[in-house]
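One letter stands for each residue in the lines below.
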Amino acid sequence: KEAMYSNILIPTDGSELAGKAVLHGIALAKSIGAKITALTVLPPFHVFTTDVQMVEDTPAQYQARMARHAEKTLNGVAETAQTEGVPCETVHYEDEHPYQAIIQTAATSGCDLIVMASHGRRGISAIVLGSETVKVLTHSKIPVLVHR
């Protein structure tokens, strides 16, 4: 019979918590014969910022550093997926609002489920959902599985 989900979008910021959501998403995809689309959203370069590394970067250095981070994060997901025999597409976007890029990617890649961590790097409390996760939950037209 037709699987309930055929293409699972897994957004990740490379954090440990997101990594756990990635593993969960890959295991779910494997168990139902779905493929995954792994996504990393990078914040655009800002001249005024509290990110110390961003202050010290030129825009070109920032782009290069972010591209390396995205590549490393997405390659990790792709390797795990390959090991598990799960087809994987990787995407990376630059967007000030990660939730918009997540919803946009779900639409353009034809995803029918989003699996994401309850919060990313900026989340402190395990009880409170991260703001990007809340925004995805609020605006997504497809089901969202939040991994804690």
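This section reports on the structure supplied with the text. Since we're looking at a predicted model, the values are computed, not measured.

**Thoughts on the overall build of the protein chain**
No. 1: What the protein chain contains, in helices and strands, is five helices and five strands.
No. 2: In the protein chain, the succession of helices and strands from N to C terminus is β-α-β-α-α-β-α-β-α-β.
No. 3: Within the span of the protein chain, comprising 148 residues, buried residues form 39% of the whole.
No. 4: Only carbon and sulfur atoms are counted for the fraction: they give 56% of the accessible area of the protein chain, which is about 8,500 Å².

**Some words on the packing of helix α1 (residues 16–32) against helix α3 (residues 59–83)**
No. 1: The geometry of α1 relative to α3 is characterised by a closest axis approach of 10 Å and an angle of 30° between their N-to-C directions. Classified by the interaxial angle, the pair formed by α1 and α3 is roughly parallel. You can see that α1 and α3 cross each other, and the crossing is right-handed. Where α1 approaches α3, its residues V22, L23 and I26 are matched on the opposing element by V77, T80 and A81.

**Examining the side chain of T12**
No. 1: With respect to the secondary-structure elements, T12 resides in the loop between β1 (7–11) and α1.
No. 2: T12 gets classed as buried once you look at its relative accessible area, which sits at 7%.
No. 3: When residues no more than four places from it in sequence are discounted, the contact partners of T12 are A18, V22, L39, T40, T73 and V77.

**Quick look at the pattern of salt bridges**
Here the idea is simple: oppositely charged side chains can pair when their charged atoms come close.
No. 1: Considering all chains together, one arrives at three salt bridges under this definition.
No. 2: Linking K20 and E16 is a salt bridge whose minimum nitrogen-to-oxygen distance equals 3.9 Å. Of this pair, K20 and E16 both sit in helix α1, four residues apart, which is roughly one turn of the helix.
No. 3: Take E16: its relative accessible area is 64%, and that puts it in the exposed class.
No. 4: Between E84 and K30 there is a salt bridge; the shortest N-O distance is 2.8 Å. You can see E84 sitting in the loop between α3 and β3 (88–94) and its partner K30 sitting in helix α1, a full 54 residues away along the chain.
No. 5: Look at E84 and you get partly exposed, because its relative accessible area is 33%.
No. 6: A relative accessible area of 47% means that K30 is categorised as partly exposed.

Cut-offs applied
- Residue indices follow the written sequence of each chain, beginning from 1 at its first position.
- Two thresholds apply to this predicted model, a pLDDT of at least 70 for residue-level local features and 80 or more for giving and counting side-chain atom pairs, whereas whole-chain, interface and lining totals are computed over all residues.
- The basis for every side-chain value is the complete set of heavy atoms in the structure, and neither hydrogens nor water enter the calculation.
- The secondary structure listing takes helices from DSSP runs of H or I that are at least 4 residues long and strands from runs of E that are at least 2 residues long, numbered from the N terminus.
- Relative accessibility decides the category of a residue: with a 1.4 Å probe and only protein chains considered, values under 20% of the type maximum give buried, values over 50% give exposed, and everything between is partly exposed.
- In short, Shrake-Rupley with a 1.4 Å probe defines the accessible areas, and a residue's cover is counted only from the protein chains shown.
- Orientation is described by axes fitted as lines to C-alpha atoms, over the contacting stretch for helices, and by angles from 0 to 180 degrees between their N-to-C directions.
- With respect to orientation, any angle under 35 degrees is reported as roughly parallel, any angle over 145 as roughly antiparallel, any angle of 65 to 115 as roughly perpendicular, and every other angle as oblique.
- What makes a crossing left-handed is the near helix being turned counterclockwise from the far one by less than a right angle; a clockwise turn instead makes it right-handed.
- Residue contacts follow a heavy-atom distance rule, with two residues in contact if any of their heavy atoms lie within 4.5 Å.
- Here, a salt bridge means any Lys or Arg side-chain nitrogen found within 4 Å of an Asp or Glu carboxyl oxygen.

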